[in-house]
Amino acid sequence: MHEGVVCREVLDIALKTAQENGITKLDVIVLVIGTYSCIHEKELLFYFDMAKIGTIAQNAVLKIEVDKNLTEYGAEYVKEIQGQTSG
C-alpha cells in the first residue's frame, strides 16, 4: 500500500521540478528503485495513472529502472523528467 505514498512523492518532485524549469507538459518520469525497495511496479503504475489526472503529467509515462547497487530498504529516486515547454 505504500506505493500510493511513493507515487505521490514522485509526482510532487516531478511537478515541482517541471515548474522550476518552465516545463508545461510532462511526457516521461524516470524512477530508479533499489533491489530491496519493496515496490510493486504494477501497483505503483496503477496509483500513478490515478494521481496524474488533471496535472501537467496526465499523459506522462512512468518508467521504472532497477539499480542493483541500491541495496537499502526503500531506496528510490527520480532520475529524470522529460517534457515540453510552451513557446
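One can find the structure itself at the top, above this paragraph.
J.: Any details on the nonpolar core? Residues and values, ideally.
T.: One recurring pattern in soluble globular proteins: nonpolar side chains tend to sit buried together. L26, I29, L44, F48, L62 and I81 are the most contacted members of the largest nonpolar core, which has 18 residues in total. Those elements that provide at least two residues to this core are α1 (3–20), β1 (23–34) and α2 (41–51). Looking at this core element by element, the count peaks at 6 residues for α1. With sequence-adjacent residues up to four places away left out, L62 is seen in contact with V10, I29, L31, L44, L45 and F48.

J.: Please give an account of the environment of E80 that cites residues and values.
T.: Within the element layout of this structure, E80 appears in strand β3 (residues 76–85). Residue E80 is classed as partly exposed on the basis of its relative accessible area, which comes to 33%. Residues E80 and T17 lie 63 residues apart in sequence; the distance between their C-alpha atoms is 9.8 Å. Among all residues touching E80, those that are not within four sequence positions of it are V28, I29 and V30. For E80, the side chain forms a polar contact with the side chain of Q82, separated by 2.8 Å.

J.: Can you tell me about the packing of α1 against α2, naming the residues and giving the values?
T.: Between α1 and α2, the shortest axis-to-axis distance is 9 Å and the interhelical angle comes to 50 degrees. As far as their axial angle goes, α2 and α1 are oblique. For α1 against α2, the interelement crossing comes out right-handed. Here E3, G4, V6, C7, R8 and L11 of α1 come into contact with α2, specifically with E43, L44, Y47, F48 and A51. Across the contact of α1 with α2, the residue classes tally to 7 nonpolar, 1 polar and 3 charged.

J.: Can you lay out α1 for me, pointing to particular residues and giving the numbers?
T.: The end-to-end C-alpha distance of α1 is 26 Å, a good match for the 26 Å that 18 residues give at a rise of 1.5 Å each. Every buried residue of α1 is listed here: E3, V6, C7, V10, L11, A14 and A18. Angular distribution of buried residues about the axis of α1 spans 130 degrees; they occupy a single face of the element. Those residues of α1 that are exposed and aimed more than 90 degrees away from the buried face are K16, Q19 and E20. Packed against the buried residues of α1 are β1, α2, β2 (61–67) and β3. Directly beyond the C-terminal end of α1, a positive phi value near 70 degrees is found at G22.

Each value, and the rule that gives it
- Residues numbered from 1 in each chain as written.
- Predicted model: local features only at pLDDT ≥ 70, side-chain atom pairs only at ≥ 80, totals over all residues.
- Heavy atoms only, no water.
- Core = buried A, V, L, I, M, F, W, Y, C linked by side-chain atoms within 4.5 Å.
- Buried < 20%, exposed > 50% of the residue type's maximum accessible area, 1.4 Å probe, protein only.
- Helix = DSSP H or I, 4+ residues; strand = E, 2+ residues; numbered from the N terminus.
- Contact = heavy atoms within 4.5 Å.
- Polar contact = N/O pair within 3.5 Å; in protein donor to acceptor, adjacent residues only side chain to side chain.
- Axes fitted to C-alpha atoms, helices over the stretch in contact; angles between N-to-C directions.
- Parallel < 35°, antiparallel > 145°, perpendicular 65-115°, else oblique.
- Left-handed = near helix turned anticlockwise from the far one by under 90°.
- Nonpolar A, V, L, I, M, F, W, Y, C, P; charged D, E, K, R; others polar.
- Expected span 1.5 Å × (residues − 1).
- Arc of directions from axis to C-beta.

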